[in-house]
Amino acid sequence: SASQDPATRRVVVETCMQLSEAYEFRVAGMPDENQTQAVRYARLGVGAATEQVPPDTRAQARIALGRALLNQKKGVEKSAMKAHLHEALDEFRQAGLLFDWNALPVLASTLERFQAIVYAALAGLGEVERLEDMMSAATSSYDRLVAAGDPPAGRTVMLVAAEALIEARQFSRAIPCLQKAA
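## Some points on the overall build of the protein chain
Broken down by element type, the protein chain carries eight helices and zero strands. The order of helices and strands in the protein chain, counted from the N terminus, is α-α-α-α-α-α-α-α. For the protein chain, whose C-alpha radius of gyration is 17 Å, the value lies close to the compact-globule estimate of 16 Å for 182 residues. C-alpha extents for the protein chain along the principal axes are approximately 55 × 40 × 30 Å. A total of 182 residues make up the protein chain; the buried ones form 43% of that total. Taking the contacts inside the protein chain whose residues are at least 6 apart along the sequence as the reference set, 59% of them involve residues at least 24 apart. Of the roughly 9200 Å² of accessible surface on the protein chain, 56% is carried by carbon and sulfur atoms. Across the protein chain, 20 positive and 22 negative side-chain charges occur, with their mean positions spaced 2 Å apart.

## Comments concerning the nonpolar core
Ranked by internal contacts, the top residues of the largest apolar core, which has 53 residues, are Leu85, Val118 and Met134. Put simply, the parts of the chain that give this core at least two residues each are helix H1 (6-24), helix H2 (31-48), helix H3 (55-71), helix H4 (78-96), helix H5 (105-124), helix H6 (130-147), helix H7 (151-167) and helix H8 (171-181). Element by element, the count of residues in this core is highest for H5, at eleven residues.

## Some remarks on the side chain of Thr57
Looking at the element boundaries, Thr57 is found in helix H3. Overall, the relative accessible area of 0% leaves Thr57 in the buried class. A distance of 3.3 Å separates polar atoms of two side chains, one belonging to Thr57 and the other to Arg10. With sequence-adjacent residues up to four places away left out, Thr57 is seen in contact with Arg10, Val13, Glu14 and Met17.

## Concerning the packing of aromatic side chains
In this description, a pair of aromatic rings is defined by centroid distance and the angle of the planes. Considering all chains together, one arrives at three aromatic pairs under this definition. Over the aromatic face of Tyr41 sits the side chain of Arg40, whose NZ or CZ is 4.8 Å from the ring centroid. A cation over an aromatic ring shows up here: Arg113 above the ring of Phe114, its NZ or CZ 5.0 Å from the ring centre.

What counts, and where the lines are drawn
Residues numbered from 1 in each chain as written. Predicted model: local features only at pLDDT ≥ 70, side-chain atom pairs only at ≥ 80, totals over all residues. Heavy atoms only, no water. Helix = DSSP H or I, 4+ residues; strand = E, 2+ residues; numbered from the N terminus. Rg over C-alpha atoms; globule rule 2.2 N^0.38 Å. Buried < 20%, exposed > 50% of the residue type's maximum accessible area, 1.4 Å probe, protein only. Contact = heavy atoms within 4.5 Å. Areas by Shrake-Rupley, 256 points an atom, 1.4 Å probe, with all protein chains shown as cover. Lys, Arg positive; Asp, Glu negative; His and termini not counted. Charge placed at Lys NZ, Arg CZ, Asp CG, Glu CD. Core = buried A, V, L, I, M, F, W, Y, C linked by side-chain atoms within 4.5 Å. Polar contact = N/O pair within 3.5 Å; in protein donor to acceptor, adjacent residues only side chain to side chain. Phe/Tyr/Trp six-rings, centres within 6.5 Å; stacked < 30°, edge-to-face > 60°. Lys NZ or Arg CZ within 6 Å of the ring centre and 35° of its normal.

Here's what the structure looks like:
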């Protein structure tokens, strides 16, 4: 409720994010229903993330919703898949407005990594103009991750970018990504 104190509200948001993640990666049950529940709890988390909640937590709630939407693409029609991906991008964009990227470089790189994944998926669905956005997000995420001391995560981002470029038959552009991932 709106009368909750900030600490309680933050706990509600974090609990919703954890429930979303639990359903998202749940092995048991019906995969489609699990994913629906993951999105549901992520939406509840975003709804509970009012101005009383710290900006980084509000950003994390939006990232959780974007991630759940990204993963909801399995088993749906192409048009629905694109709609989920575009909604995920919007959530990531809104999340990016909520915090200082220089003060929270790991959160910024996580956000960019998810953006790169969404752009790659959209390129695979025919929106090849998204490859430039994907490269920008992937490169920035890679640079932040390496600077933050997490080269393995940076390599993963470069592999996502390389795979999308190879799928788009842009082999020469994939080579630098693969070199960074090596």
